[in-house]
Structures are given as structure tokens and as C-alpha cells.
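One letter stands for each residue in the lines below.
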Amino acid sequence: MVAPLAARKKYASKTKRSARARSRRARVSVIIVNFNAGAYLGAAVESLLAQDEAPLEIIVVDNASRDASLDALAKVPAKLLRLHCLEHNSGFAAACNLGLSEAHGEMILLLNPDCRLYPGALTALCEALEGQSDAGLTGARLLNPDGSPQRGSRRDIPTPWSIFCEVLQLHRLMPRHPRFRSFNRHLEPLPDEPEVVSAVSGACMLIRREALSEAGQLDESYFLHFEDLDLCLRFDQAGWSVL
């Protein structure tokens, strides 16, 4: 499940905000890379269609799946859906870039097919990104099915030393020590407001188009994993903050 990073407290003005969101023209393109996701893909799309912030378009890039996961897309209005079925598995980054090259939204949401958005999550992500003019992308609080925080939703850019500490579990011995702590920060207390972090997970990442045009698309040399860390690093180098 996906919840807004700053969703530690309820928004008292949820009703007003929802009405405002509906009155704005759709401006978010959603890109989902699918590979044998089964029923998860349909659940992810259902959670998108239930959002107050209606997506402009849902672009699904299928990496040569062999299951029936695409059958769930029959319920998506034709005017919203753009489906690309690849003949071979091109990897996550390459499939994302295909979707990015065709997206028309002012903001672009990368969403894994096994993620479901809580009601109001997309609006909260949009408001977080719009609330800071120098923010290039924002992540979400990722929760496991049992409600526990998922690793990677907030993290530092790993270094060889921090990976060494993680592998040897040194971070468990001294979890608060700045030299030995884990680069994953998902167990830290949630902030009351969106905060700048080094990196977020590509499982649910809202990107400002202007920032993407400066930082560049995902590095396709990463077939799977680490492409989100690389993207966050390049956003920072281009002068855009990550929330």
C-alpha cells in the first residue's frame, strides 16, 4: 500500500481539497511497468481510478508478460489507457523511458503494479511537489500488506562503506551512529511536513516534467534496481531537491 509521506496527520480540509482537485484539469500521467503482475495490476489501476486527482492518462508498458494480468485493463476507460506490449523484457528503466517519452502530463507518476494508492494519496503527492518550487520529485510512504514500513521509501545514497555495514549488520549494533546507521531510513519517525531526503523508491515516485527534462530519463544500463537511486542523485546534481 502507498500512503503520502507526510500523511502522519489527517488533513482537516480534505473535503475542500478534494473539490479543488476535481475542478483542476487533469495533469498527471501515470506510468506502470508490468511483468507478470497478476491481479496486482488490476488493483493498482482501481486505486488510481478512485483518486480525487484524476490522472490525465495511464500508460502501461508490458515487458512481455506471460500471465493474464493485462486482462484487468479492460475496465479502464479507453480514453485514459495507453498500452504498449513489448516483445521481450527490456528491463524496468527502458520500459519506464518508453512511457516517459509519450507522457503528456505536467507531472508524471511512476507506479509499480503491486502498489495501491490510499484515497487522497495522489492529491497529497501533487501538493507536496507543488508546495516547493525547487522540488523535482517526491516519493511516498510505502507500507507492506501488514502495515509495516517498507524499506527503501526513504534512504540515503548508499556508499561502499554503508553497504558493507548493511551486509555485516553493523547498523543493528549502532543504529543511531552516523557512520554505521543503515542507509534505509524507513524506521525513522515520520515528518509532519514533506522533507528533503537523498533518495526515494521508484515504486511510487511523482516527477516534475521540467526537472526531468534537465536531469534526464532513467539510465537504461540498470536493468532492474538502483535506477531510482541514480535518478535521485542526478536530480540533486541538476539542482532539484527530492522529497
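Let me sum up the structure you'll find in this document. What you are looking at is a predicted structure, and each value in this text was computed from that prediction instead of being measured.

### Here's the deal with the pattern of salt bridges
Part 1 of the reasoning: Across all of its chains, the model carries six salt bridges by this definition.
Part 2 of the reasoning: Two residues, Glu53 and Arg27, come together in a salt bridge whose shortest N-O distance is 2.5 Å. A residue pair is termed long-range when its members are at least 10 positions apart, and Glu53 in the loop between helix 2 (39-49) and strand 3 (57-62) and Arg27 in the loop between helix 1 (14-23) and strand 2 (28-34) qualify at 26 residues. Exposure class is identical for Glu53 and Arg27. Each is buried.
Part 3 of the reasoning: Asp230 is paired through a salt bridge with Arg234; the nearest N and O atoms lie 2.9 Å apart. One end of the pair, Asp230, and the other, Arg234, are both in helix 8 (residues 227-237), four residues apart, so they sit about a helical turn from each other.
Part 4 of the reasoning: The exposure class of Asp230 is buried, given its relative accessible area of 15%.

### Topic: the nonpolar core
Part 1 of the reasoning: Judged by nonpolar contacts, the single largest core of 29 residues is most densely connected at Ile32, Leu109 and Leu111.
Part 2 of the reasoning: Every element with two or more residues in this core is listed here: strand 2, helix 2, strand 3, strand 5 (107-111), helix 4 (121-131), strand 6 (135-142) and strand 9 (204-208).
Part 3 of the reasoning: If near-sequence neighbours (up to four positions away) are discounted, Leu111 is found in contact with Val30, Ile31, Ile32, Val33, Leu48, Leu117, Ala203 and Cys204.
Part 4 of the reasoning: Residues Leu100, Leu110, Val197 and Leu229 belong to the second largest nonpolar core, which totals 28 residues.

Rules behind the numbers
Residues numbered from 1 in each chain as written. Predicted model: local features only at pLDDT ≥ 70, side-chain atom pairs only at ≥ 80, totals over all residues. Heavy atoms only, no water. Salt bridge = Lys/Arg side-chain N within 4 Å of Asp/Glu carboxyl O. Helix = DSSP H or I, 4+ residues; strand = E, 2+ residues; numbered from the N terminus. Buried < 20%, exposed > 50% of the residue type's maximum accessible area, 1.4 Å probe, protein only. Core = buried A, V, L, I, M, F, W, Y, C linked by side-chain atoms within 4.5 Å. Contact = heavy atoms within 4.5 Å.

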